[in-house]
Amino acid sequence: MSAIATKNAVESFVVKPPAHPTYDLKGVIQLALSEDAGDIGDVTCKATIPIDMESEAHFLAKEDGIVAGIALAEMIFAEVDPSLKMEWSINDGDKVHKGLKFGKVQGKAHSIVIAERVVLNFMQRMSGIATLTKAMADAAHPATILETRKTAPGLRLVDKWAVLIGGGKNHRMGLFDMVMIKDNHISAAGGVSKALNSVDQYLEQNKLQMGVEVETRTIAEVHEVLEYASQTKTSLTRIMLDNMVVPLSNGDIEVSMLEEAVDLINGRFETEASGNVTLETVHKIGQTGVTYISSGALTHSVKALDISLKIDTELALEVGRRTKRA
């Protein structure tokens with residue numbers, strides 16, 4: 001498969017990146033390559049690898065997980081050298097096991113080595129996010145797992161793309177595509193009802209249609225939201241139930257407050273549980289009846305999946321077995 005980084009290539013992705021009105025994915029790739037190359041390029045490659053030398057390198061998984069970033073890797077290789085060719089035995093979102101060779105890139109060795117670290121930096125991070133997302137999404141069922149805006153600066157779209165690849169859904173992309181009334185908005189507006197009313201007026205005056213979510217932290221605030229919605233035509237679509245999951249000293253969680261809130265709302269609005277969400281707690285939270293569970297940890301505390309790209313794969317496997325990483 002040739003590496004072709006064009007807009008048309010996006011249409012062939014197994015999982016397409018989320019939409020964003022201003023995000024320049026090609027620009028992000030160019031920036032990553034530029035910060036690596038500096039002003040004179042890869043001096044080690046220039047010194048050790050003949051410019052016309054042809055080779056192939058294999059992608060090697062060094063631990064079990066979900067691979068993400070294959071489509072992005074193709075775009076990066078194409079940016080470095082459009083003549084490079086790739087073959088994959090898997091797709092984005094597929095499982096890999098430790099020691100598996102799951103893809104290869106062929107062409108000028110110089111180009112492969114220059115692109116190597118940038119490709120792996122993106123792929124390892126995305127695969128780490130996808131791996132955790134898959135585990136969380138499976139455990140959260142029947143609730144749907146979401147990430148948050150707690151992404152690496154400059155990598156918002158890439159991080160959220162990895163969540164989709166892992167089987168999660170995207171929360172709002174940024175400040176522009178959804179109204180999300182949080183604690184600071186509520187405090188500044190003078191209360192939950194006033195904040196909701198201000199949002200409803202703003203959307204109507206500006207002829208805007210988008211999802212509206214309000215954060216609640218107590219049962220009293222849930223009651224206030226429902227009271228407001230019963231008396232006023234509102235654009236509200238979702239109620240966040242924040243920190244209604246209470247951690248216990250024995251490592252378990254108490255979800256009775258969350259269950260009470262979900263029962264009160266009774267399907268009138270989507271619900272979203274937030275706070276104290278971990279791989280260990282998400283299953284119990286998902287059984288409360290909430291629509292969504294959001295977790296910042298999917299992107300802000302990601303553990304990269306260990307992947308390498310090696311020209312000499314046999315030596316790499318030998319070293320990997322010695323260090324228990326293959």
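What counts as what
Residues numbered from 1 in each chain as written. Predicted model: local features only at pLDDT ≥ 70, side-chain atom pairs only at ≥ 80, totals over all residues. Heavy atoms only, no water. Helix = DSSP H or I, 4+ residues; strand = E, 2+ residues; numbered from the N terminus. Buried < 20%, exposed > 50% of the residue type's maximum accessible area, 1.4 Å probe, protein only. Contact = heavy atoms within 4.5 Å. UniProt positions renumbered as here; feature names shortened; annotations may be inferred.

Peer 1: Just give me the short version of the side chain of His110, but keep the residues and values in it.
Peer 2: Structurally, His110 is set in helix H5 (residues 109-140). Residue classification places His110 among the buried positions, given a relative accessible area of 11%. Every residue in contact with His110, bar those within four places of it in the chain, is listed here: Cys45, Lys46, Ile49 and Ile51.

Peer 1: Describe in detail the UniProt feature "domain: Quinolinate phosphoribosyl transferase C-terminal" (unreviewed entry) in the protein, supporting the description with residues and values.
Peer 2: Within the UniProt annotation, "domain: Quinolinate phosphoribosyl transferase C-terminal" (unreviewed entry) is assigned to residues 129-310. As a span, residues 129-310 carries 41% helix and 18% strand, and end to end its C-alpha atoms are 23 Å apart.

Peer 1: So what's going on with unusual backbone geometry? Residues and values would help.
Peer 2: A cis amide bond, omega 10 degrees, links His141 with the succeeding residue Pro142. Summarising the element assignment, Pro142 is placed in the loop between H5 and strand S6 (144-146). Notably, Lys207 is not glycine yet its phi reads approximately 50 degrees, a positive angle. Inspection of the secondary structure assignment puts Lys207 in the loop between helix H8 (192-205) and strand S8 (212-216).

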